[in-house]
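Observations on the three-dimensional arrangement
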Amino acid sequence: RGQVHGALHPGTLLVARTGQLKVLGFGLERGTVLTPPAFRPPEQPDGRTAHVATDLYAAALVAHVVLTGGWPGPRKPA
């Protein structure tokens, strides 16, 4: 559908009391990357236009942190 969130990170995720995961902030900026630098894919360090890979990378990173309790790699980026 061409819809990209572009700002997926822990601050835009909400777990409801029912256990349902809700993603907040859809429709803020179409195609603009608002994701914090630590959650952007390495190929988009300058914050270019968002695409589905931006959201997939951020979702995988959030899942890793939630499931393991730690940041991947030697240390969390600034």
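Refer to the structure presented above.
Residues numbered from 1 in each chain as written. Predicted model: local features only at pLDDT ≥ 70, side-chain atom pairs only at ≥ 80, totals over all residues. Heavy atoms only, no water.

**Description of the packing of aromatic side chains**
Inspection of the entire model under this criterion finds one aromatic pair. Judged by centre distance (5.4 Å) and plane angle (80°), the ring pair of Phe-39 and Trp-71 falls under edge-to-face. Of the two residues, Phe-39 is situated in the loop between strand 2 (21-23) and helix 1 (52-68) and Trp-71 in the segment after helix 1; the sequence distance between them amounts to 32 residues. By relative accessible area, which is 9% here, Phe-39 ends up buried. (Phe/Tyr/Trp six-rings, centres within 6.5 Å; stacked < 30°, edge-to-face > 60°. Helix = DSSP H or I, 4+ residues; strand = E, 2+ residues; numbered from the N terminus. Buried < 20%, exposed > 50% of the residue type's maximum accessible area, 1.4 Å probe, protein only.)

**Focus on the side chain of His-9**
One can find His-9 in the segment before strand 1 (13-15). Leaving out residues up to four positions away in the same chain, His-9 has contacts with Pro-36, Phe-39 and Val-62. (Contact = heavy atoms within 4.5 Å.)

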